[in-house]
Amino acid sequence: MARRFLTLLVVSAALAGCMQQQGQPSMWYAANQAVPPTATKVIVCHGFGCARRTSVTLSETNLRTLRKILARGEASPEAERQAIRQAVAWMEKAVAPTVGSDDDIGGLDLWNAGVAGQMDCIDEATNTTSYLLLAEKHGFLVHHSVARPVARGFFLDGRYPHATAVIRERETGNAFAVDSWREANGEPPIVMPLQTWFEEKPTV
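All values reported here derive from a predicted model rather than from experimental measurement.

(A) Focus on the pattern of salt bridges. Summed over the entire model, instances satisfying the criterion amount to 6 salt bridges. The partner of Arg 170 in a salt bridge is Glu 136, and the shortest N-O contact between them spans 3.9 Å. Taken together, the residues span a long stretch of sequence, with Arg 170 in the loop between β4 (162-169) and β5 (175-179) and Glu 136 in helix α5 (residues 121-137) at a distance of 34 residues. Arg 152 is the partner of Glu 200 in a salt bridge, and the nearest nitrogen-oxygen pair spans 3.3 Å. With Glu 200 in the segment after α6 (194-199) and Arg 152 in strand β3 (residues 144-152), the pair connects residues that are 48 residues apart, well separated along the chain. In the salt-bridge network here, residues are joined through shared partners; they are Arg 152, Asp 179, Arg 182 and Glu 200.

(B) Focus on the sheet that holds β5. Strand order across the open sheet formed by 4 strands is β3-β4-β5-β6, with antiparallel pairing between neighbours. Lying at the two open borders of the sheet, with one neighbouring strand each, are β3 and β6 (190-193). Going across the sheet, the axis of each strand differs from the next one's by a mean of 30°, ignoring polarity. Taken together, the 7 bridges between β3 and β4 define a ladder with antiparallel strand orientation. The residue bridging Val 150 from the neighbouring strand is Thr 164, located in β4.

(C) Broad picture of the confidence of the model for the protein chain. Per-residue pLDDT for the protein chain has a mean of 86; in total, 84% of the residues score no lower than 70. Residue range residues 1-21 is modelled with pLDDT below 50. Its contacts to residues more than four positions away, or to other chains, number 33 contacts. Confidence drops under pLDDT 50 across residues 155-159; counting only partners more than four residues distant or on other chains, this segment forms 13 contacts.

(D) Representation of unusual backbone geometry within the structure. The phi torsion at Gln 33 lies on the positive side, around 55°, for a residue other than glycine. Summarising the element assignment, Gln 33 is placed in the loop between α2 (25-31) and β1 (41-46).

(E) Representation of the state of the cysteines within the structure. Tallied over the entire structure, the rule returns 1 disulfide. Here Cys 45 connects covalently by a disulfide to Cys 50, the sulfurs 1.9 Å from one another. Between Cys 45 and Cys 50, the S-S dihedral sits near -50°, and the bridge is therefore left-handed. There is no split in this pair, since Cys 45 and Cys 50 are both buried.

(F) Main features of the side chain of Glu 124. Inspection of the secondary structure puts Glu 124 in helix α5. The side chain of Glu 124 sits in the buried core without any salt bridge; Arg 182 is the nearest counter-charge, 11 Å away. Of the polar contacts made by the side chain of Glu 124, one reaches the side chain of Ser 180; its length is 3.1 Å. Sequence-distant contacts of Glu 124, defined by excluding residues within four places in its chain, comprise Glu 92, Asp 104, Met 119, Ser 180 and Trp 181.

(G) Region of interest: helix α4 (residues 77-99). Helix length check: α4, at 23 residues, gives a terminal C-alpha distance of 31 Å against a target of 33 Å (1.5 Å per residue), a fit within 8%. Phi turns positive one or two residues past the end of α4, at Gly 100, with a value near 85°.

How each quantity is defined
Residues numbered from 1 in each chain as written. Predicted model: local features only at pLDDT ≥ 70, side-chain atom pairs only at ≥ 80, totals over all residues. Heavy atoms only, no water. Salt bridge = Lys/Arg side-chain N within 4 Å of Asp/Glu carboxyl O. Helix = DSSP H or I, 4+ residues; strand = E, 2+ residues; numbered from the N terminus. Pairing = 2+ DSSP bridges. Axes fitted to C-alpha atoms, helices over the stretch in contact; angles between N-to-C directions. pLDDT = per-residue confidence, 0-100. Contact = heavy atoms within 4.5 Å. Disulfide = S-S within 2.5 Å. Buried < 20%, exposed > 50% of the residue type's maximum accessible area, 1.4 Å probe, protein only. Lys, Arg positive; Asp, Glu negative; His and termini not counted. Polar contact = N/O pair within 3.5 Å; in protein donor to acceptor, adjacent residues only side chain to side chain. Expected span 1.5 Å × (residues − 1).

This is the structure:
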């Protein structure tokens, strides 16, 4: 457990200096030994720090369901952000039987480091980015593009290290955090302006 937690600290430290820089999601995957999605497959990270990776292939039925959920947000960027919350929650449920993440605990749970199916914020940020990239590949996102995940905090500023997926509104360029780490598996992630996310000072 201590080794996994140390890994998280090191990754967070490396990202702290560039947390507000723009970049391609591919840079995040390379830094975390993760695998980006294809048009029909996601490689789900779990076990903390992407220590475990499980491939999940999405069926045509899965893709139709994902498209239907995201289509509810076509009217406006605000509506699409709400649809993204529901889509990520649905994707977590869809991959859970293969990954073994049905009972993934939300929030800080260091005692589960290394446990198959349990996810830290690195896993969650990576997986949420993968789900959104897959949707983007299929043209399911109208008002947003998928950006590189970012990280904040390193104890020195009084905050635990934490990471989140990021989307960017196409019309305005405004960035939003899509933070699925705080909630248990299958619950909609928190979506908020990225600057607000950076400025948060939660106790965990």
